[in-house]
Amino acid sequence: MQKVRLGKTNLMVSRVGMGGIPILLPPFDTAVKVLKRGLDLGVTLIDTSFGYDDSEVRIGEAIAGRREDVTVVTKTSWRSKDRALKALEGSLKQLKTDYIDVWLFHNVSTTEAYEILLRPNEAFAAGQEALASGAVRHIGLSTHSLAIAQKTVTSGLFEVIVFPFNFVNNHAEDHLVELARKHDVGFLAMKSFAGGQLTDANLAIKYLLQFDNVVPIPGIETVENIEEIVEVVEGDWTLTPEDWQRIVAIRERQGSTLCMWCEYCKPCPKEINIPWVMNIESMWILWGKRGFPGRMLKHIDQGRTCDECGECEDKCPYQLNIRETLRAQLDYYDREIKHQL
Ligand code: SF4
Ligand code: SF4
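First things first, this report covers the structure right here in the doc. (Residues numbered from 1 in each chain as written. Chains lettered and ligands numbered in written order. Predicted model: local features only at pLDDT ≥ 70, side-chain atom pairs only at ≥ 80, totals over all residues. Heavy atoms only, no water.)

Here's the deal with the overall build of the chain
Selection rule: The helix count covers DSSP runs of H or I at least four residues long, the strand count covers runs of E at least two residues long, and both are numbered beginning at the N terminus. Using C-alpha atoms as the atom set, the radius of gyration is obtained and then compared with a globule rule of 2.2 Å times the number of residues to the power 0.38. Partly exposed residues are those whose accessible area sits between 20% and 50% of the maximum for their type, while under 20% is buried and over 50% is exposed, using a 1.4 Å probe and protein chains only. Here the accessible surface of atoms and residues is derived via Shrake-Rupley with a 1.4 Å probe, and residues count as covered only by protein chains that are part of the display. We score Asp and Glu as negative and Lys and Arg as positive, and we do not count His or the chain ends. Where a charge sits is defined by one atom per residue type, namely NZ (Lys), CZ (Arg), CG (Asp) or CD (Glu).
On a plain count of helices and strands, the chain comes out with 16 helices and ten strands. Over its C-alpha trace the chain gives a radius of gyration of 19 Å, about what one expects of a compact globule, namely 20 Å for 341 residues. Considered along the principal axes of its C-alpha atoms, the chain spans approximately 55 × 50 × 40 Å. Counting the 341 residues in the chain, one finds 55% classified as buried. Summing over all exposed atoms, the chain offers an accessible surface of approximately 14,600 Å²; the carbon and sulfur share of this is 48%. Measuring between centres, the 39 positive side-chain charges of the chain sit 4 Å from its 47 negative side-chain charges.

Structure, rendered in structure tokens:
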């Protein structure tokens, strides 16, 4: 497996990584086997979070005995210094390691949240303390907001950015990839398959491999998933005219519905948490029955109060057809999910 330099961290990481949410779907022992198969194939970067159920425990089991060969990326959602450090302690324990390669501040979605993070006694200070103690080797940030991603990359404070990037949600292509390169910030691409909504690994991974400073971190559930991805990485990445035709067709079909979770559409006058409702199907594909977040039910109920005022669509920078997508997502819930919960 090819390696690539992850920006100024100077870490040489595998050309693709493994994302740590779908690995929650199989039973524990199967998940460990899947992860080990990925490692054996040379996929040695794994991205997870303290908040992803027992994902870190599964990964800890899989990397035992080969820690030095693996790049472990994990996250905390806590914003206060003390709580972030407590979460870090938990991550180290669950991953059975004494250091994290890249520690991320998870899902920083607004300028206000970004500014709070940097205040004394908030999570960024925890990062500095952990860097000094050696518990963490590099720090970064994950976000769904392009503006926050750009701020992060140009700030000089973070070594890695994690941002959604796939051939449908491809705003990073023009607005982030070169900026990250210029500032030598490592770029991990989340949502390589748009949360499971893009199903063609050949197309999705080949597209991202066109960007030599971007490392896709697709979610992995089965041995077949990781073997298929590795086959793409080890094959010819050239996008053929037929590939481009398919990309254009999928963009036309799904481009107005795939939500980036940037939250620019909020607030809604009906207090609907729009991105949650826009993502019912992808959350179901990602988390399944076992992990489908309980709070989703509240958002679904609230989603049903939409009066189609359209305010959200005026604010969405991706010109998504929010009203129609909300209706379709609620129908999907009624049809495919409700009876299974
Ligand atoms: S269209 Fe629906 S979701 Fe959008 S702002 Fe209006 S009430 Fe909220
Ligand atoms: S609907 Fe649009 S504005 Fe709202 S979170 Fe999704 S992409 Fe962002």
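Quick word on the sheet that holds strand β6 (residues 100-105)
How we decide: The criterion for strand pairing is that DSSP finds at least two bridges linking the strands in question. The convention used is that axes are lines fitted to C-alpha atoms, helices contributing only their stretch in contact, and that angles between N-to-C directions extend from 0 to 180 degrees.
Strand order across the open sheet formed by eight strands is β3-β4-β5-β6-β7-β8-β9-β10, with parallel pairing between neighbours. Each end of this open sheet is capped by a strand with a single partner; those strands are β3 (17-19) and β10 (214-216). Pairs of neighbouring strands in the sheet enclose a mean axial angle of 25 degrees, with direction left out of account. Sheet analysis places β3 next to strand β4 (residues 45-47), joined by three bridges and oriented parallel.

Quick look at helix α3 (residues 81-94)
Each α-helix turn comprises 3.6 residues. Residues three or four places apart therefore point the same way. Let me state the cut-off plainly: Expected span, for any helix, means 1.5 Å times one less than how many residues it has. Should any heavy atoms of two residues lie within 4.5 Å, those residues are considered in contact.
Under the 1.5 Å per step criterion, the end-to-end length of α3 is 20 Å for 14 residues, consistent within 8% with the ideal 20 Å. Of the positions making up α3, those classed as buried are Lys 81, Ala 84, Ala 87, Leu 88, Gly 90, Ser 91 and Leu 92. Contact partners of the buried residues in α3: α2 (55-63), β5 (71-76), β6, α5 (123-133) and β7 (136-142). Trailing α3 by a residue or two, Lys 96 shows a phi angle of about 50 degrees, which is positive.

Focus on the pairing of β7
Using the following cut-off: Whether a crossover is right-handed depends on one test, that the path from the first strand over the helix to the second runs clockwise when the strands point away from the viewer.
In terms of burial, β7 is a largely internal element, six of the seven residues being buried. Inspection of the sheet shows β6 paired to β7 by five bridges, in the parallel sense. Note that in β7 the partner of Leu 104 across the bridge is Gly 140. Where β7 lies against strand β8 (residues 160-164), three bridges are found, and the strand directions are parallel. Within β8, the position partnered with Ser 142 by the bridge is Val 162. Viewed along the sheet, the connection from β7 through helix α6 (residues 146-155) into β8 turns out right-handed.

Here we look at the site of ligand 1
How we decide: The nearness test applies per residue and asks whether one of its heavy atoms lies within 4 Å of the molecule or strand. Three categories are distinguished: nonpolar for Ala, Val, Leu, Ile, Met, Phe, Trp, Tyr, Cys and Pro, charged for Asp, Glu, Lys and Arg, and polar for the others, with Gly belonging to the last.
Taken together, the neighbourhood of ligand 1 is formed by 13 residues, with Cys 268, Cys 306, Cys 309, Gly 310 and Cys 312 sitting nearest. When its residues are assigned to classes, the shell around ligand 1 shows eight nonpolar, one polar and four charged.

Observations concerning the side chain of Thr 152
Mapped onto the secondary structure, Thr 152 falls in helix α6. Judged by its relative accessible area of 0%, Thr 152 falls in the buried class. Among all residues touching Thr 152, those that are not within four sequence positions of it are Tyr 114, Leu 141, Phe 158 and Ile 161.

Quick notes on the environment of Trp 261
Tracing the backbone shows Trp 261 in the loop between α11 (241-254) and α12 (274-278). For Trp 261, a relative accessible area of 11% gives the class buried. Apart from residues lying up to four places away in sequence, Trp 261 is in contact with His 144, Pro 275, Trp 276, Asn 279 and Met 283.

Section: helix α9 (residues 201-209)
Put simply, the rule is: Whenever two N or O atoms come within 3.5 Å, that pair is a polar contact, provided that in protein one can donate a hydrogen and the other can accept it, and provided that, for residues adjacent in sequence, both atoms are side-chain atoms.
Extensive coverage of α9 is indicated by the burial of eight of its nine residues. Within α9 the residues assigned to the buried category are Ala 201, Leu 203, Ala 204, Ile 205, Lys 206, Tyr 207, Leu 208 and Leu 209. Contacts made by the buried residues of α9 are with α7 (171-175), β9 (186-190), β10, α10 (223-234) and α11. For α9, the N-terminal cap is Asp 200; the gap from its side-chain oxygen to the backbone nitrogen of Asn 202 is 3.0 Å.

Here's the deal with the pairing of β8
Extensive coverage of β8 is indicated by the burial of five of its five residues. Burial along β8 is two-sided: the face carrying Val 160, Val 162 and Pro 164 and the face carrying Ile 161 and Phe 163 are both buried. Taken together, the five bridges between β8 and β9 define a ladder with parallel strand orientation. By the bridge assignment, Val 160 is partnered in β9 with Gly 186.

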